[in-house]
Amino acid sequence: MRFRRSRKPNQRSHPMTYAQKVLADVKAKNPNEPEFIQAVTEVLGTLEPVLKARKKYEDAGVLERLVEPERVIMFRVPWTDDAGKLHVNRGYRVQYNSAIGPYKGGLRFDSTVNLSVLKFLGFEQVFKNSLTTLPMGGGKGGSDFNPKGRSDAEVMRFCQSFMTELYRHIGPDTDVPAGDMNVGGREIGYLFGQYKRIVNEFTGVLTGKGLSFGGSLIRPEATGYGDVYFAANMLATKGDTLEGKVCSISGSGNVAQYAAQKLVQLGAKPVTFSDRSGWIFVKDGMSQDFIDEVKELKQVKRGELSEFAKGKKGVEFHKDGRPWAVPVDCAFPCARQNELDGKDADTLLKNGVKVVGEGANMPSTLEAVDKFVKAKILYSPGKASNAGGVATSGLEMSQNSERLSWSAAEVDEKLKGIMKAIHDNAYEAAKAFGKKGNYVAGANIAGFVKVADAMVAQGYV
Ligand code: NDP
């Protein structure tokens, strides 16, 4: 049986590969979704060797199905501010692919959220979740609501309204959302409370929950820690370690804070953080106390680095530019998509960077990725190196199902093991398909194969 694809009459006459044809179709069908097109371009561009070696994927139309979300839910979220004024935001859940498990992926609340951003994140999540070795499909959701500057009561009313629609589409065996940008413990708590109230069931429907109601130890730390563990695994292939390495980090939120913390624990020297107000340079390296102050700034006071840096000894604040100007051994982009472009990559490479370990999703532009791969530095794409967060969410789901909780040491040990497995899978897949040392190709191929095989086995659904 062969899957039939629709052909356009004006298709280019010289033969395109299977992946190129599907990519052309994605571009034609989604012209207003640049982030989504970028993510698909990156992935499909690296799958050629496996698609050529295994024709069954083309015969079963795996790519055509993989690029199309199984379901996209969009809904109105009305809520009132503290003055009683009505606001209406847009809510989304993109249920991308459930071939290997229930949809799993975070919720992002930010004014920049739109369908293109959530489709890119959902698409990436499919491969990331597959790489974790846990049985999780891919999804992503959120809203163009930004909790910054809103009171706790306003955030609660928003979360309650958001969940009043979302609850009917999710469930512990269907779709299990988690946090992402601007969705931390507070938001997950409000969302969980409303879900439980409507459904009248205490289940593991969300991850990133508070410890007293089913959360897992180490979940808040997991993405940043995992990013650093991945970098340590890459360095180990060269007989090197993180000890003494000078490191730049962008962002100062959840992922950035715990990446810095783990770097300090491993004897490295993190020197930068950034946020929407600018970036800071701490010449002598951050201490644990300094990182704790940043945690309080971001998690409790919800303030900006520009104010925080004022009068602090040894801390330079820069309103303009990006942390990538600082000469470092290792760089960890942990803020947002497309925050490191071709020029930044040139600067980092000129300054002798050895490792770029992405904590954020798609922080490097396609041009920057290309430069890192060509320079043959140790570069890990976010879908591999930031998978520790969702992996630990998977561990939270297991603990919820079994109604037990593991110690911090147990979870951290499992996280370390999972990051090593992800690293080794990506490394070996790249080697097997003639791309040794290319973690972009390795992560995409390893993540793809498991999902693709499941899709072939399950027929045309
Ligand atoms: P947070 O909201 O906790 O932190 C985001 C950080 O990025 C903040 O410091 C924020 O600054 C900064 N930032 C956001 N937009 C901009 C901008 N336009 N210019 C400069 N700085 C900006 O999010 P997370 O740490 O959770 O997520 C960071 C990245 O990691 C995202 O790409 C996310 O998808 C990815 N990720 C997160 C996981 C998790 O477990 N949390 C799991 C896997 C990936 P400010 O403080 O001013 O808002």
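All values derive from a computational prediction rather than experimental measurement. Positions within a chain are numbered from 1, following the residues in the order the chain's sequence is written. Totals for whole chains, interfaces and linings use every residue, but because this is a predicted model, local features are given only for residues with pLDDT of at least 70 and side-chain atom pairs only at 80 or more, for both listing and counting. To get the side-chain values, take all heavy atoms of the structure and skip hydrogens and water.

**Focus on the overall build of the protein**
Helix numbering and strand numbering both begin at the N terminus, where a helix is a DSSP run of H or I of at least 4 residues and a strand a DSSP run of E of at least 2. Scanning the protein from N- to C-terminus turns up 18 helices and 13 strands. Just to be clear, the radius of gyration here is over C-alpha atoms, and the globule rule we use is 2.2 Å times residues to the power 0.38. On C-alpha atoms alone, the protein measures out to a radius of gyration of 21 Å, which is about the 23 Å that the 2.2 N^0.38 rule sets for 461 residues. C-alpha extents for the protein along the principal axes are approximately 65 × 55 × 45 Å. When the 461 residues of the protein are sorted by exposure, 56% land in the buried category. Residues are treated as being in contact if the distance between any of their heavy atoms lies within 4.5 Å. Across the protein, the fraction of contacts at a sequence separation of at least 24, relative to all contacts at a separation of at least 6, is 72%. Each accessible area is a Shrake-Rupley result for a 1.4 Å probe, and residues are judged covered by the shown protein chains and nothing else. On the protein, roughly 19000 Å² of surface is accessible, and the fraction owed to carbon and sulfur atoms is 51%. Working definition: with a 1.4 Å probe on protein chains only, accessible area under 20% of the residue-type maximum means buried, over 50% means exposed, and in between means partly exposed.

**Quick notes on the site of the ligand**
Only heavy atoms are used to decide nearness, and a residue is near a molecule or strand if one of them lies within 4 Å of it. Neighbouring the ligand are 24 residues, the closest being Lys148, Asp180, Thr223, Arg276 and Lys298. N or O atoms closer than or at 3.5 Å make up a polar contact, with two conditions inside protein: a donor-capable atom paired with an acceptor-capable one, and, for residues adjacent in sequence, both atoms drawn from side chains. Side-chain polar atom of Lys148 to an oxygen atom of the ligand: 2.5 Å apart, as the coordinates give it. The contact in question runs from an oxygen atom of the ligand to an N or O atom on the side chain of Asp180, over 2.6 Å. Here the ligand, which alone exposes 890 Å², has 86% of that area covered by the protein.

**Overview of helix α11 (residues 288-301)**
Helix span is expected to be 1.5 Å times the residue number reduced by one. Over its 14 residues, α11 extends 18 Å from the first C-alpha to the last, a length consistent with the 20 Å expected when each residue adds 1.5 Å. Phe290, Ile291, Val294, Lys295, Leu297 and Lys298 are the residues of α11 that are buried. Down the axis of α11, the smallest arc covering the buried residues is 160 degrees, so these residues share one side. With respect to the buried face of α11, the exposed residues turned more than 90 degrees away are Asp289, Val300 and Lys301. Packing partners of the buried residues in α11 comprise α10 (254-265), β8 (272-275), β9 (278-282), α12 (305-309) and β10 (315-318). The directions from the helix axis to the C-beta atoms form the arc being described.

**A closer look at the packing of helix α9 (residues 219-236) against helix α16 (residues 388-402)**
It is at 7 Å that the axes of α9 and α16 come closest, and there the two elements cross at 145 degrees. Judged by the sense of rotation from one axis to the other, the crossing of α9 with α16 is right-handed. Only Gly388, Gly389, Val390, Thr392, Ser393 and Glu396 of α16 make contact with α9, whose side of the interface consists of Arg219, Ala222 and Thr223. Across the contact of α9 with α16, the residue classes tally to two nonpolar, five polar and two charged. Axes here refer to lines fitted to C-alpha atoms; in helices the fit is confined to the stretch in contact. Angles between the N-to-C directions go from 0 to 180 degrees. The crossing is said to be left-handed when, going from far helix to near helix, the turn is anticlockwise and less than a right angle, and right-handed when the turn is clockwise. For this classification, the nonpolar set comprises Ala, Val, Leu, Ile, Met, Phe, Trp, Tyr, Cys and Pro, the charged set comprises Asp, Glu, Lys and Arg, and every other residue, Gly included, is treated as polar.

**Comments concerning helix α18 (residues 439-457)**
Relative to the 27 Å expected for 19 residues at 1.5 Å per residue, α18 spans 27 Å between its end C-alpha atoms, a close match to the ideal helical length. Where α18 bends most, at Val449, the angle is about 25 degrees. In terms of burial, α18 is a largely internal element, 14 of the 19 residues being buried. For α18, the N-terminal capping position is held by Asn438, with its side-chain oxygen 3.0 Å away from the main-chain nitrogen of Val440. To obtain the bend at a residue, axes are fitted to the seven residues ending there and to the seven starting there, and the angle between these axes is taken.

**Side note on the sheet that holds β8**
Strands are treated as partners if at least two bridges between them are detected by DSSP. With antiparallel pairing, the three strands of this open sheet are ordered in space as β8-β9-β10. Edge positions in the sheet fall to β8 and β10, since each has one partner strand and no second. Taken over all neighbouring pairs, the strand axes of this sheet differ in orientation by 20 degrees on average, direction set aside. Two strands pair when backbone bridges link them, and β8 and β9 are joined in this way by four bridges, in the antiparallel orientation. Looking at β9, one finds that Thr272 is bridged to Phe281.

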